[in-house]
Amino acid sequence: MRYQETGQVHRDFHRTTNGTIAYLREHYGEEVLDESFRRTAREVYKAIHDDLAAGDPEQLVEHWTWFFDREGGEYTLERDGDTIRFTVAVCPAIAYLQERGIAIDPAFCRQTTVINETLAEGTPFEITTEVLGGGRCVQTIRRRP
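The structure reproduced in this document is the subject of the present report. Here the structure is a predicted model, which is why all the values come from computation and not from measurement.

## Quick word on the side chain of Thr129
No. 1: Residue position: Thr129 is located in strand β3 (residues 125-133).
No. 2: We classify Thr129 as buried; its relative accessible area is 17%.
No. 3: Among the polar contacts listed, one links the side chain of Thr129 to the side chain of Asn116, at a separation of 2.9 Å.
No. 4: Beyond its immediate chain neighbours, meaning those up to four positions away, Thr129 contacts Thr112, Thr113, Asn116, Val138 and Gln139.

## A closer look at the pattern of salt bridges
No. 1: Summed over the entire model, instances satisfying the criterion amount to 13 salt bridges.
No. 2: Among the salt bridges present, the one from Lys46 reaches Asp50, with a minimum N-O distance of 2.8 Å. One end of the pair is Lys46 and the other is Asp50, both in helix α3 (residues 46-53) and four residues apart, which spans about a single turn.
No. 3: One network of salt bridges, with partners in common, ties together Glu31, Glu35, Arg38, Arg42 and Glu121.

Rules behind the numbers
Residues numbered from 1 in each chain as written. Predicted model: local features only at pLDDT ≥ 70, side-chain atom pairs only at ≥ 80, totals over all residues. Heavy atoms only, no water. Helix = DSSP H or I, 4+ residues; strand = E, 2+ residues; numbered from the N terminus. Buried < 20%, exposed > 50% of the residue type's maximum accessible area, 1.4 Å probe, protein only. Polar contact = N/O pair within 3.5 Å; in protein donor to acceptor, adjacent residues only side chain to side chain. Contact = heavy atoms within 4.5 Å. Salt bridge = Lys/Arg side-chain N within 4 Å of Asp/Glu carboxyl O.

Dropping the structure here:
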C-alpha cells in the first residue's frame, strides 16, 4: 500500500485539520471546502482511485484499516459478496478532539463523505458514508449495478 506512513504519530494534526475545515467553511463556504476534499481525493489518493477504476477496492480497505489500527480506532470490517462495510465505532480523530475538549466542526466528517464519493467517480464502485454522530459511521463499498 502506498499510503502507509510509519514513524511517530503526532495526532495533533487532527486539531489542525478540524481548524482548517472550520476556517474554510466559515470564510469561503461549503463548496470551496468540498473542492479541497475532491482535490485531495484526486491528487493525493490517486493510486487508490486508479485501483478502484481497475476494479480493485483493496488498497482503500487497507488504507482505512492501517490508519485506524495505527491510531487505536475501533471498527469492524465485513464482506458480503461485492459489498465491503467498514463500520466505525470509535474514530481516532474524533476521540482525540473530544478528549481535549475541542469543538468538532460540523463539517469534520464531511471530508470522509466527499473523499469517498470522489474516489468512486468513474469506477465500477459506489462508496457511501453514513455519518452516525459521535465519531461513528458506516462506509460501504459496493459494485455498481
